[in-house]
Amino acid sequence: MKISQLNLVDKDIFYKFIKNYWVKKVKMTFLKKVFVWQYASNKKLNFVIAKNKKELIGIQGFIPMKHYDSSLSKENVFQAFLRVKEGNNIGTAILLHKKIISLCKAKFIGVIGIDEITHKFHRWLGFKIFKMNHHFLLSEKFKVFKIAKINEKLRHKKKIKHNLNISYEKLNFKNINKIKNQIFKKSFPKKSKNFLIKRYLKNPFYRYLILQIKRNNHPISIIVIRPIKLKERNILRLVDYIGSENDAKYIQPACKKILECYNAEYLDFYSHGISSELLKNSGFENRYDYQNKEIIIPNYFEPFIKKNVDIYCAYKTNLRKKIKLFKGDGDGDRPNVSVYK
């Protein structure tokens, strides 16, 4: 068996493997566009492959932070998209994982959206696994919710009022350099202005909003939001946060203003590494505080499925860092390649 990084010379058998062992009806033209954007690196793709002679038997993707900004570390990396052909033992997946560590000299490896069936395997590899919190903020405008399912008790729940001087500024290509570099020191894995530009502003598939949160007109953090329009309603998904854990309590007043600005039904976000109690005290609701079918804040929109979804994340590291993870990390907020042309 040979383990190596995917060279473009092997791309045809690579895509054939995906079609045979992932989703039979995947729209390959669109999948290739997604993979080129998210994994292309020089004349290779950021995938490691296992070949038995000429037969491809396993693949695993990886996304170093350096992929979006050459100044960031390749040692901080997210794994994604693991597939091993049935009939091959667990050793193939282990070798793929070890190859990623070797290629990146990885000191931090994260995974967003880890399948429950692989939890035991990832724990054996040394990963810590967490169920991500799922918080949301409802608009006070709507009496009837079309996208979410909200009970009357929650809809009439007394809202927390803030007397904080919180504002936000929308960032774009022209003004993103306003961000002070010290803000990026408050989060790990570390991100950057160029990361925000390439990962979000230049994203060819989704439109994102990058907002700088200010307290008393002083910049304290960054949030990234993806608006979605469905059934003549808008909803907002907060997919990334850059800032300290303590400053996360100040995003609620800004999110409330953004809800009003976009006439959105609600805003939601999955996260790990920020105190659920802190977020609750700031005015966010945690879906896990309610019965599973009593409150529904959907996760699937391609196609839309009105059900709750638990998302698990995992990471392994020897670094003494406070880890904060969001849905925008790794490949956690990519298009569903099986539904696009």
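Structural data are supplied above this passage.
Residues numbered from 1 in each chain as written. Predicted model: local features only at pLDDT ≥ 70, side-chain atom pairs only at ≥ 80, totals over all residues. Heavy atoms only, no water.

S.K.: Mind showing me how you'd approach the packing of helix α1 (residues 11-21) against helix α2 (residues 28-39) here?
M.R.: Each pair of packed helices can be described by the angle between their axes along with the distance between the axes. Running from N to C, α1 and α2 point in directions that differ by 120°, and their axes come no closer than 12 Å. With respect to each other, α1 and α2 are oriented oblique. Between α1 and α2 lies a crossing of right-handed hand. Contacts between α1 and α2 pair F14, Y15, I18 and K19 from the former with M28, L31, K32 and F35 from the latter. Among the residues forming the contact of α1 with α2, the class breakdown is six nonpolar, no polar and two charged. (Axes fitted to C-alpha atoms, helices over the stretch in contact; angles between N-to-C directions. Helix = DSSP H or I, 4+ residues; strand = E, 2+ residues; numbered from the N terminus. Parallel < 35°, antiparallel > 145°, perpendicular 65-115°, else oblique. Left-handed = near helix turned anticlockwise from the far one by under 90°. Contact = heavy atoms within 4.5 Å. Nonpolar A, V, L, I, M, F, W, Y, C, P; charged D, E, K, R; others polar.)

S.K.: What's the story with empty space enclosed by the protein in this structure? I'm lost.
M.R.: Any empty space left between atoms is shown by rolling a water-sized probe over those atoms. All told, the structure shown has two cavities of 30 Å³ or more when counted by the stated rule. The calculated volume of the largest cavity comes to roughly 50 Å³. Around the largest cavity, the lining residues are I63, M65, Y68, F78, F195, R199, G328, D329 and G330. Looking at the lining of the largest cavity residue by residue, the classes come out as five nonpolar, two polar and two charged. The space that makes up the second largest cavity amounts to roughly 40 Å³. Every residue lining the second largest cavity is listed: S187, F188, P189, K191, Y241, K324, F326 and D329. Here the residues of the lining of the second largest cavity are counted per class, giving four nonpolar, one polar and three charged. (1 Å grid on protein atoms, 1.4 Å probe; cavity = no way out; pocket = protein on both sides within 12 Å on 5 of 7 lines; lining within 4 Å. Points joined across faces, edges and corners; volume = space filled by probe spheres on them.)

S.K.: Is there a simple way to explain the packing of aromatic side chains in this structure?
M.R.: The description of an aromatic ring pair rests on the distance of the ring centres and on the angle between the ring planes. This model, assessed by the stated rule, comprises 23 aromatic pairs. Ring geometry for F35 versus Y39: centroids 5.1 Å apart, planes at 75°, classification edge-to-face. Here F35 pairs with Y39, and both are found in helix α2, just four residues apart, close to one helical turn. Taken as a pair, F35 and Y39 share a single burial class, namely buried. One aromatic cluster in this structure is built from F30, W37, Y68, F195, Y200, F205, Y206 and Y208. Note that K131 overlies the ring of Y288, its terminal NZ or CZ placed 4.4 Å from the centroid. If you follow R226 out to its NZ or CZ, it ends over the ring of Y206, 3.8 Å from the centre. (Phe/Tyr/Trp six-rings, centres within 6.5 Å; stacked < 30°, edge-to-face > 60°. Buried < 20%, exposed > 50% of the residue type's maximum accessible area, 1.4 Å probe, protein only. Lys NZ or Arg CZ within 6 Å of the ring centre and 35° of its normal.)

S.K.: Looking at this model, I keep getting lost on unusual backbone geometry. Mind explaining?
M.R.: In terms of backbone geometry, most residues other than glycine have negative phi values and most peptide bonds are trans. At the junction of F188 and P189, the peptide bond is cis and its omega measures out at 0° in the coordinates. Looking at where P189 falls in the secondary structure, it is placed in the loop between β9 (166-171) and α6 (193-201). A cis amide bond links E302 to the next residue, P303, at an omega of 0°. With respect to the helices and strands, P303 occurs in the loop between β15 (300-301) and β16 (304-305). Look at K53: it is not a glycine, yet its phi comes out positive at around 60°. Along the chain, the position of K53 falls in the loop between β3 (44-52) and β4 (55-64).

Functional significance is not addressed by these values, which are geometric in nature.
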